[in-house]
Amino acid sequence: MAEDLYIDKGSKEEKYRALLPQLKNLIDGEDDLIANLANVSAALNETFHFFWVGFYRVQGEELVLGPFQGPIACTRIRRGRGVCGTAWAKADTLIVPDVDVFPGHIACSSLSRSEIVVPLIRKDENEVWGVLDIDSENLNSFDEIDARFLEEVCSWL
Ligand code: SME
């Protein structure tokens, strides 16, 4: 892909619709996982200006911090802990409209108010190998539109 990202000026859905083909090209043209995780987090951040966007990868019984955009974050999260560890254990996307009412939420930053976590699933083995985590400084930032498009991106990784 060209190194410049085209960012649609329309609605959230229009932004995702413009972004996804560009991400697909980017991922299809590169087989290095870390390079792809780094560029996906950068492209999501450039498009949506999230407070924090990044990846954690499963290593044994923990998630370990991977490529991300935003302030420094917790490096290790145990399975079943926090929003990330719960999305891993459930192998399901979690939308948290208000992190203060999510039992066990891990506050890497006190500025984070809402969050979405999408598991990365190895299709052949049906096994979670990581998560995409996105945090917002505003309440109620994420909905089914985010879940649908982000799950599609995660299925390519
Ligand atoms: N809030 C997450 C921890 C990761 S940071 O937000 C980057 C959680 O509860 O799992």
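From a predicted model like this one, the values you see are computed outputs, not experimental measurements.

1. A short note on the overall build of the chain
If you tally the helices and strands in the chain, you get four helices and six strands. For the chain, the succession of helices and strands along the chain, N to C, is α-α-β-β-β-α-β-β-β-α. Dimensions along the principal axes, computed over C-alpha positions, put the chain at roughly 40 × 35 × 25 Å. Burial statistics for the chain: of 157 residues in total, 46% are counted as buried. Within the chain, residue pairs in contact and separated by at least 24 positions form 51% of the contacts whose partners lie at least 6 positions apart. Put simply, the chain shows about 8,100 Å² of open surface, and 46% of that area lies on carbon and sulfur atoms. On the chain, the mean spot of the 15 positive side-chain charges and the mean spot of the 27 negative ones are 4 Å from each other.

2. Description of the pairing of strand β2 (residues 62-69)
As paired elements, strand β1 (residues 52-59) and β2 share six bridges and run antiparallel to each other. If you follow Gln-59 over to β2, its bridge partner there is Glu-62. The antiparallel hairpin formed by β1 and β2 contains two residues in its connecting segment, where Gly-60 sits at a positive phi of about 65 degrees. Where β2 lies against strand β3 (residues 76-78), three bridges are found, and the strand directions are antiparallel. Paired with Glu-62 across the bridge in β3 is Arg-78. Here β2 folds back onto β3 in antiparallel fashion, the turn holding six residues, of which Gly-70 has a positive phi close to 130 degrees.

3. Remarks on helix α3 (residues 82-90)
Of all nine residues in α3, seven are buried, a share of seventy percent or more. Along α3, the residues that are buried comprise Gly-82, Val-83, Cys-84, Gly-85, Thr-86, Ala-87 and Trp-88. Phi turns positive one or two residues past the end of α3, at Ala-91, with a value near 55 degrees.

4. Details of the nonpolar core
Generally speaking, nonpolar side chains in soluble globular proteins are found buried as a group. Grouped together as the largest cluster of nonpolar side chains are 27 residues, with contacts concentrated most on Leu-44, Phe-50, Leu-132, Ile-134 and Leu-150. Looking at this core, the element that brings in the most residues is helix α1 (residues 12-28), giving six residues. Non-local contacts of Leu-150, meaning those with residues more than four positions away in its chain, are made with Tyr-16, Leu-44, Ile-116, Val-118, Leu-132 and Ile-134. If you look at the next biggest cluster of nonpolar residues, it comprises 17 residues, including Phe-51, Val-99, Phe-102 and Val-131.

5. As for the environment of Ser-141
Inspection of the secondary structure puts Ser-141 in the loop between β6 (127-136) and α4 (144-156). Residue Ser-141 is classed as partly exposed on the basis of its relative accessible area, which comes to 24%. Taking the C-alpha atoms as reference points, Ser-141 and Ile-95, separated by 46 residues in sequence, lie 9.2 Å from one another. Those residues in contact with Ser-141 that sit more than four places away from it in its chain are Lys-12, Ser-114, Ser-136 and Asp-146. Only 3.2 Å separates the side chain of Ser-141 from the backbone oxygen of Asn-138, close enough to count as a polar contact.

Reading the values: the criteria
- Residues numbered from 1 in each chain as written.
- Predicted model: local features only at pLDDT ≥ 70, side-chain atom pairs only at ≥ 80, totals over all residues.
- Heavy atoms only, no water.
- Helix = DSSP H or I, 4+ residues; strand = E, 2+ residues; numbered from the N terminus.
- Buried < 20%, exposed > 50% of the residue type's maximum accessible area, 1.4 Å probe, protein only.
- Contact = heavy atoms within 4.5 Å.
- Areas by Shrake-Rupley, 256 points an atom, 1.4 Å probe, with all protein chains shown as cover.
- Lys, Arg positive; Asp, Glu negative; His and termini not counted.
- Charge placed at Lys NZ, Arg CZ, Asp CG, Glu CD.
- Pairing = 2+ DSSP bridges.
- Core = buried A, V, L, I, M, F, W, Y, C linked by side-chain atoms within 4.5 Å.
- Polar contact = N/O pair within 3.5 Å; in protein donor to acceptor, adjacent residues only side chain to side chain.

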